[in-house]
Amino acid sequence: MPNSPSDRPRRITVQRRGPLLVEGPVEVELEDGTTVSSDRFRVALCTCRRSRRYPWCDTSHRDRPHQRDA
């Protein structure tokens, strides 16, 4: 049963200027209501919206400077 007292909380690691690292498996509900999922033990969620695989981070942010960085 989801959210039962025996469920262990998910750990989310916030990185400055980087993705959110989330212990998996995870389901992510997008703005349009669709759901994407991953059964990996850890996933990186894009916070800069420059990923070609959004919402998953593919490190595209490394190749393209952010407007604030330019």
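This report concerns the structure included in the present document. Each chain carries its own residue numbering, running from 1 in the direction its sequence is written. Note on the predicted model: pLDDT of at least 70 is required for a residue's local features to be given, and 80 or more for side-chain atom pairs to be given and counted; whole-chain, interface and lining totals, by contrast, use all residues. The basis for every side-chain value is the complete set of non-hydrogen atoms in the structure, without hydrogens or water.

## Thoughts on the sheet that holds strand β1 (residues 12–14)
Here is the rule: Strands are labelled as partners when DSSP assigns at least two bridges between them. Strands are runs of DSSP state E lasting at least 2 residues, helices are runs of H or I lasting at least 4, and numbering of each runs from the N terminus. Each axis is a line fitted through C-alpha atoms, taken for helices only over the stretch in contact, and angles between the N-to-C directions span 0 to 180 degrees.
If you trace the 3 strands from one edge of the open sheet to the other, you get β1-β2-β5, paired in antiparallel fashion. Every other strand in the sheet has two partners, leaving β1 and β5 (42–45) as the edge strands with one partner each. Looking at each pair of strands side by side, their axes are set apart by 20° on average, direction ignored. With 3 bridges joining them, β1 and strand β2 (residues 20–23) adopt antiparallel strand pairing. Bridge assignment links Ile 12 to a residue of β2, and that residue is Val 22.

## Considerations on unusual backbone geometry
Gly 24 connects to Pro 25 through a cis peptide bond whose omega is -5°. Within the secondary structure layout, Pro 25 lies in the loop between β2 and β3 (26–29). Looking along the chain, the bond that leaves Tyr 54 and enters Pro 55 is cis, with omega of 15°. Even without a glycine there, the phi angle at Arg 17 is positive, about 60°. For Arg 17, the position within the fold is in the loop between β1 and β2.

## Describing the nonpolar core
Where we set the bar: Among buried residues, the Ala, Val, Leu, Ile, Met, Phe, Trp, Tyr and Cys ones that are joined through side-chain atoms within 4.5 Å form a nonpolar core. The rule is simple: take the accessible area with a 1.4 Å probe, protein chains only, and divide by the maximum for that residue type; under 20% is buried, over 50% is exposed, in between is partly exposed. We call two residues in contact whenever any of their non-hydrogen atoms come within 4.5 Å of each other.
Formed by Val 22, Val 26, Val 28, Val 43, Leu 45 and Trp 56, the largest nonpolar core amounts to 6 residues. If you list the elements that add at least two residues to this core, you get β3 and β5. If we ignore the near neighbours within four places in the chain, the residues touching Val 22 are Arg 11, Ile 12, Phe 41, Arg 42, Val 43 and Leu 45.

## Considerations on the pairing of β5
Only one face of β5 is buried, namely the one carrying Val 43 and Leu 45, since none of Arg 42 and Ala 44 on the opposite face is buried. Where β2 and β5 come together, 4 bridges link them in antiparallel fashion. When the bridges of β5 are listed, Leu 21 appears paired with Ala 44.

## Let's talk about the side chain of Glu 23
Counting through the fold element by element, Glu 23 comes out in strand β2. Accessibility expressed as a relative area gives 18% for Glu 23, which makes it buried. Contact partners of Glu 23, with chain neighbours within four places excluded, come to Arg 8, Arg 10, Arg 11, Phe 41 and Arg 42.

## Some points on the pattern of salt bridges
Our working definition: We define a salt bridge as a side-chain nitrogen of Lys or Arg found within 4 Å of a carboxyl oxygen belonging to Asp or Glu.
Tallied over the full model, the rule gives 2 salt bridges. Ionic pairing is found between Glu 23 and Arg 11, a salt bridge with its closest N-O pair at 3.8 Å. Placement of Glu 23 in strand β2 and of Arg 11 in the segment before β1 is noted, with a sequence separation of 12 residues between them. Overall, the relative accessible area of 55% leaves Arg 11 in the exposed class. Residue Glu 31 is joined to Arg 49 by a salt bridge in which the shortest nitrogen-to-oxygen separation is 2.8 Å. With Glu 31 in the loop between β3 and β4 (35–38) and Arg 49 in the segment after β5, this pair connects stretches of sequence that are 18 residues apart.

That's the geometry; what it means functionally is another story.
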